[in-house]
Amino acid sequence: MSQKRFLVFVYGTLKKGEPNHHWLSSPENGVQQFQGQARTVNQFPLVIASRYNIPYLMDKAGVGNKIMGEIYEVDEKMIEKLDELEDHPRYYERRIEQVTKVDTKEEMSCWIYLLKKYKEEMLSLPMLSNYKSEDDHGRPYVPSDDISDPEDIDV
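Each chain has its residues counted from 1, running along the sequence as written. Side-chain atom pairs in this predicted model are given and counted only at pLDDT of 80 or more, local residue features only at pLDDT of at least 70, and totals for whole chains, interfaces and linings cover all residues. Based on all heavy atoms of the structure, the side-chain values leave hydrogens and waters out of the count.

> Got a minute to help me understand helix 2 (residues 76-86) in this structure?
Taken residue by residue, helix 2 has Met78, Ile79, Leu82, Asp83, Leu85 and Glu86 as its buried positions. Seen end-on, helix 2 carries its buried residues on one side only, within an arc spanning 160 degrees. Summarising the contacts, the buried residues of helix 2 are in contact with strand 1 (5-10), helix 1 (21-25), strand 2 (32-44), strand 5 (65-75), strand 6 (92-101) and strand 7 (107-115). Helix and strand assignments follow DSSP, with helices taken as H or I runs no shorter than four residues and strands as E runs no shorter than two, numbered in order from the N terminus. Looking one or two residues beyond helix 2, the residue adopting positive phi is Asp87, at roughly 55 degrees. Note on exposure labels: buried denotes an accessible area under 20% of the residue type's maximum, exposed denotes more than 50%, and partly exposed covers the range between, all computed with a 1.4 Å probe on protein chains only. Arc, as used here, means the arc of the directions from the helix axis to the C-beta atoms. Residues count as neighbours in contact if any of their non-hydrogen atoms are within 4.5 Å of one another.

> Just checking my understanding: could you explain the packing of aromatic side chains for this structure?
For any pair of aromatic rings, the description consists of the separation of the ring centres together with the inter-plane angle of the planes. Stacked, tilted and edge-to-face are the three classes assigned to paired rings of Phe, Tyr and Trp, where Trp is represented by its six-membered ring and a pair needs centres within 6.5 Å; plane angles under 30 degrees give stacked, over 60 edge-to-face, the rest tilted. The tally for this structure, following the rule as stated, stands at four aromatic pairs. Arranged with centres 6.2 Å apart and planes meeting at 20 degrees, the rings of Tyr56 and Tyr92 form a pair that is stacked. A residue pair is termed long-range when its members are at least 10 positions apart, and Tyr56 in strand 4 (residues 54-57) and Tyr92 in strand 6 qualify at 36 residues. Residue classification places Tyr92 among the buried positions, given a relative accessible area of 5%. Ring-pair connections join several aromatic residues into one group, and the members of that group are Tyr56, Tyr91 and Tyr92.

> Looking at this structure, I do not really get the pattern of salt bridges. What am I missing?
If charged atoms from side chains of opposite charge come close, those side chains can pair. We define a salt bridge as a side-chain nitrogen of Lys or Arg found within 4 Å of a carboxyl oxygen belonging to Asp or Glu. One pass over the structure, following the stated rule, counts six salt bridges. A salt bridge links Asp87 to Arg90; the shortest N-O distance between them is 2.9 Å. You can call Arg90 partly exposed: its relative accessible area is 42%. Connected through shared salt-bridge partners, Asp59, Arg95, Glu97 and Lys116 make up one network.

In structure tokens:
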């Protein structure tokens, strides 16, 4: 059994209390341990788009907001399951980004999933700093197994 561990920063439906958190909390998917809340060092555009109201973190550093999320330490099995959920590298791309823990102000390197291919008009959507499915934006997440091409995202 591999003892390799990864730090992953989640900002959308994988956070506690959000619709896909069961992917992280399910022991069949691997091991995870909550490390705390954090905020990205870089600003990114975080928008809700598609008919499924998916939170997309677009790979355009310097635009948008510093993003609030959660850090989890996960094992190799869990990172493989998260890659499956995020359809890495075809849909989202996983890469290392710097985040700052809220409680200790410690800067850490974490894996994060970013949307590299997106429609430019997505940048005109309202940009969030802290995603919640049930919020005043009025666009709750709609579960689906349909992972389309990023070029097909409805704005």
